[in-house]
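Each chain, letter by letter, is given below.
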Amino acid sequence: MAQQGVIALERMGGSAAVQAVDALRLIYAEAFAGPPYNETEDDVAAAFRRFPVQARNPTFRATLARCEAGEPVGMAYGFPLGPDTGWWDELTEPVPENMRREDGHRTFGLMELAVRGPWRGQGIARRLHEMLLDGIGAERVLLNVHPGSKAASAAYRAWGYRKIGEARLWGESADLHDVMLLDLR
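Note that the structure is a prediction, hence the values are computed from the model and not measured.

Caption draft 1: Spatial organisation of the overall build of the protein chain. Secondary structure assignment for the protein chain yields six helices and seven strands. Counted from the first residue to the last, the protein chain has its helices and strands arranged as β-α-α-α-β-β-α-β-α-β-α-β-β. Its C-alpha radius of gyration of 16 Å places the protein chain within 12% of the 16 Å reference for a compact globule of 185 residues. Projected onto its principal axes, the C-alpha positions of the protein chain cover 50 × 35 × 30 Å. Taking all 185 residues of the protein chain together, 46% fall into the buried category. Nonlocal contacts in the protein chain, meaning residues at least 24 apart in sequence, comprise 68% of its contacts between residues at least 6 apart. On the protein chain, roughly 9400 Å² of surface is accessible, and the fraction owed to carbon and sulfur atoms is 50%.

This is the structure we're talking about:
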């Protein structure tokens, strides 16, 4: 891995993220193209059909990392889960009602965190994660990660996340994902 120069991070709300959608899409497509995700162009298109709706959430936030030349290298985004969230319903085993209770402030849902290949292993993901969560005021963070993504799973565990279950994110044919929770209290 070669050092790629100074990396600048930017935090943004939903409207700014929509303006940066091409950069976010590029990062997503490259980061999730290989195993274990094997996302196709159709998968990327589906993810970014959902993106404008997600970004309209008034509590949506994103972080974007760029190298010195302005090339996008990493991103993260999410928002607090509302009372009507379906995230808890995707778990293969139910969790207690007091764990799944949401009020729009309690749990921040980390939708995506990705760094393009040449920039991995330089702490960019950690910096994106820290900037995204800075000042959110939530008790905890919830995310899903493919268990075959050993580096991502190891990073999340190192940052304090713990596995609380498994979920099929897009129906019965989808791969199982680990559901991980970070307590911020």
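Next, the rest of the story.
Caption draft 2: Representation of the side chain of H129 within the structure. As for its position among the elements, H129 is in helix α5 (residues 124-133). Residue class for H129 comes out buried when judged on its relative accessible area of 5%.

Caption draft 3: Spatial organisation of the environment of G78. Structurally, G78 can be placed in strand β3 (residues 72-80). On the accessibility criterion, G78 (0% relative accessible area) is buried. Once the C-alpha coordinates of G78 and L143 are considered, the two residues, 65 residues apart in sequence, prove to be 9.5 Å apart. Sequence-distant contacts of G78, defined by excluding residues within four places in its chain, comprise T59, F60, R61, F108, G109 and M111.

Caption draft 4: Region of interest: the packing of helix α2 (residues 21-31) against helix α3 (residues 41-55). One way to put it is that α2 packs onto α3 with a least axis distance of 10 Å and a crossing angle of 140°. As the angle between them shows, α2 and α3 are arranged oblique. In this structure, α2 meets α3 at a crossing whose hand is right-handed. Of the residues in α3, those touching α2 at V21, L24, R25, Y28 and A29 are E41, V44, A45, A47, F48 and F51. Considered class by class, the residues forming the contact of α2 with α3 number nine nonpolar, no polar and two charged.

Caption draft 5: Highlighting the nonpolar core. Counting 34 residues, the largest nonpolar core has F48, F51, F60, L64, M75, Y77 and L142 as its most contacted members. Looking at this core, the elements that each hand over two or more residues are α2, α3, β2 (61-67), β3, β4 (107-115), β6 (162-168) and β7 (176-183). The contacts of L64, once residues within four sequence positions are left out, are A8, L9, E10, M12, A20, A23, L24, I27, P72, G74, M75 and L128. Counting 24 residues, the second-largest nonpolar core is a separate cluster that includes I7, L143, Y156 and L182.

Caption draft 6: How the structure looks around the pattern of salt bridges. Within this structure, the stated rule accounts for 13 salt bridges. Between E102 and R140 there is a salt bridge, with the nearest N and O atoms lying 3.0 Å from each other. Of the two residues, E102 sits in the loop between α4 (97-100) and β4 while R140 sits in strand β5 (residues 140-145), which places them 38 residues apart along the sequence. An identical accessibility class is assigned to E102 and R140; each is buried. Beyond isolated ion pairs, a larger network of salt bridges with shared partners links R106, E139, D183 and R185.

Basis of the calculations
Residues numbered from 1 in each chain as written. Predicted model: local features only at pLDDT ≥ 70, side-chain atom pairs only at ≥ 80, totals over all residues. Heavy atoms only, no water. Helix = DSSP H or I, 4+ residues; strand = E, 2+ residues; numbered from the N terminus. Rg over C-alpha atoms; globule rule 2.2 N^0.38 Å. Buried < 20%, exposed > 50% of the residue type's maximum accessible area, 1.4 Å probe, protein only. Contact = heavy atoms within 4.5 Å. Areas by Shrake-Rupley, 256 points an atom, 1.4 Å probe, with all protein chains shown as cover. Axes fitted to C-alpha atoms, helices over the stretch in contact; angles between N-to-C directions. Parallel < 35°, antiparallel > 145°, perpendicular 65-115°, else oblique. Left-handed = near helix turned anticlockwise from the far one by under 90°. Nonpolar A, V, L, I, M, F, W, Y, C, P; charged D, E, K, R; others polar. Core = buried A, V, L, I, M, F, W, Y, C linked by side-chain atoms within 4.5 Å. Salt bridge = Lys/Arg side-chain N within 4 Å of Asp/Glu carboxyl O.

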